[in-house]
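Overview (structure and organization)
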Amino acid sequence: MPSLNQAQFVRQAVESVFSQRQDALELIVADGGSSDGTLDVLEELSRSHPRLVWSSQADTGPAQAINRALSQAEGEFIGWLNSDDLYASQMMEKALSLFEDHPELVMVYGHGQHIDGEGDLIGDYPTLPPPIEPQRFHAGCPICQPTVVFKSTLLEEVGFLDEELKASFDFDYWLRVFGAYPGRIGFVDGVQAYSRLHDDCITRNARRRVATEGLIVTKRHLGSSSVHWLTTYLEEYADDATDNVLVADLLAELDAVLAAAPGCVSSEDAALARAQLELMGPMLAPSRGQDQSNRAGQVR
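Let us look at the structure shown here. (Residues numbered from 1 in each chain as written. Predicted model: local features only at pLDDT ≥ 70, side-chain atom pairs only at ≥ 80, totals over all residues. Heavy atoms only, no water.)

**So, helix α11 (residues 267–278)**
It helps to recall that an α-helix has 3.6 residues per turn; residues three or four apart then point in one direction. Definition in use: A run of DSSP states H or I qualifies as a helix once it reaches four residues; a run of E qualifies as a strand once it reaches two. Both are numbered from the N-terminal end. Expected helix span is given by 1.5 Å per residue-to-residue step, counting one fewer step than there are residues. When checking whether two residues touch, look at their non-hydrogen atoms; a contact exists if any pair is within 4.5 Å.
Here α11 contains 12 residues, and its C-alpha end-to-end distance of 16 Å stays within 8% of the 16 Å for a straight helix at 1.5 Å per residue. Those residues of α11 that are buried lie in contact with α9 (228–240) and α10 (247–260).

Listed below in structure tokens is the structure:
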């Protein structure tokens, strides 16, 4: 469990892990130097949950924190849960049962749902069960990260998370696993976890980075990238604006993504996106009523 200043959520996240009632379960929390009371909560929880181990030190981002925890893990099966997300009841039991019935599997995942800061349901994560055609990943990530459980042997065979990625390291990892183990990924046909969307989460707070890394990761693994990542980001940028959006601002965002992901968007697609924006006039009124939960799921 990576953690950084999530005192309002971390207790619920930890309790959702230990509610799994697995005798051999351990939880390793890698905190990035929280200053909001998270460490006090973790210290209190460690007294009631002896199998909770935690440490706090500066890191370069969640991928490094997760890798630090993964390097300490001793279990045969591994999942990671962000400190603002939740496991569903019996999540681990269902995942381990699938592994037991199909020992050839290296990873399993299931359905996920989005919740808000209060824990209220927003909507379903746009999940697709395996098999998934590689090209489908161009349209976004169809795997809800906290629903994933994998064999620890993957760390030796596929490696650890790419710490250069700050938002899409999970997406990158799924593509690595799908590429290395076709036909050996299982699916739990039920809700396995709840992914929380709130103002400070990566999906909402770093959308330009999500879009940029989506382009980079798909180019890396699939040989090309879809302009979808760029256009979806620009639509979200406009939707989230509190006032009318200057088309010049959207053009600046387009240029920023293209500069951060060189060679990932074809010159034709980039020119088309630019021309479409320029035709809108100097200002663009933000559209409302979009299903933000589903769109956020599409980018992660």
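**Considerations on the pattern of salt bridges**
Threshold: Here, a salt bridge means any Lys or Arg side-chain nitrogen found within 4 Å of an Asp or Glu carboxyl oxygen. To sort residues, take the accessible area from a 1.4 Å probe on protein chains only and compare it with the maximum for the residue type: under 20% means buried, over 50% means exposed, and anything in between is partly exposed.
Per the counting criterion, the structure on display carries nine salt bridges. A salt bridge links D172 to R220; the nearest nitrogen and oxygen atoms lie 3.0 Å apart. Residue D172 is found in helix α6 (residues 169–180), and its partner R220 is found in helix α8 (residues 207–222); the two are separated by 48 residues along the sequence. Accessibility expressed as a relative area gives 1% for D172, which makes it buried. Where R208 meets E253, a salt bridge forms, and the shortest distance between an N and an O atom there is 2.9 Å. Taken as a pair, R208 in helix α8 and E253 in helix α10 lie far apart in primary sequence, 45 residues in all. Taking relative accessible area as the criterion, R208 reaches 37% and is therefore assigned partly exposed. For E253, a relative accessible area of 9% gives the class buried. Each of the salt bridges in this network shares a partner with another, and the network as a whole consists of D162, D172, R176 and R220.

**With respect to the packing of α6 against α8**
What counts here: To obtain an axis, a line is fitted to C-alpha atoms, over the contacting stretch when the element is a helix, and the angle between two such axes runs from 0 to 180 degrees between their N-to-C directions. Geometric relationships in this document are graded by angle, where less than 35 degrees denotes roughly parallel, more than 145 denotes roughly antiparallel, 65 to 115 denotes roughly perpendicular, and other angles denote oblique. Here a crossing is taken to be left-handed if its near helix is turned anticlockwise relative to the far helix by less than a right angle, and right-handed if that turn runs clockwise. We call Asp, Glu, Lys and Arg charged. Ala, Val, Leu, Ile, Met, Phe, Trp, Tyr, Cys and Pro are nonpolar, and the rest, Gly among them, are polar.
At a minimum axis separation of 10 Å, α6 and α8 run at an interaxial angle of 15°. One element, α6, and the other, α8, form an angle in the roughly parallel class. Regarding α6 and α8, the two cross each other, and that crossing is right-handed. Where α6 abuts α8, its residues F171, D172, L175 and R176 lie against G214, V217, T218, R220, H221 and L222. When its residues are assigned to classes, the contact of α6 with α8 shows four nonpolar, three polar and three charged.

**Remarks on the sheet that holds strand β1 (residues 2–3)**
Convention followed: Criterion used throughout: strands pair if DSSP finds at least two bridges between them.
Here three strands make up an open sheet; going across it, the order is β1-β2-β3 and the pairing parallel. Here the strands that pair on one side only, and so sit at the sheet edges, are β1 and β3 (52–56). Pairing geometry for β1 and strand β2 (residues 27–31), over two bridges, is parallel. Residue pairing for β2: P2 is matched across the bridge by A30. In the packing of helix α3 (residues 62–70) onto the sheet, contacts are made with β1, β2 and β3, and the angle to β2 comes to roughly 145°.

**So, the nonpolar core**
As a reminder of what qualifies: Think of a nonpolar core as a cluster: buried Ala, Val, Leu, Ile, Met, Phe, Trp, Tyr and Cys residues, connected wherever their side-chain atoms sit within 4.5 Å.
In this structure, M107, Y109, F150 and V177 are the most contacted members of the largest nonpolar core, which totals 53 residues. With seven residues, α6 is the single largest residue contributor to this core. Counting residues in hydrophobic clusters, the runner-up holds 25 residues, among them F18, Y87, M92 and L98.

**Observations regarding unusual backbone geometry**
Between P130 and P131 the backbone carries a cis peptide bond, its omega angle lying at 0°. Within the secondary structure layout, P131 lies in the loop between β7 (121–124) and β8 (149–151). Unusually for a residue other than glycine, R21 sits at a positive phi of about 60°. Relative to the helices and strands, R21 is located in the loop between α1 (7–18) and β2.

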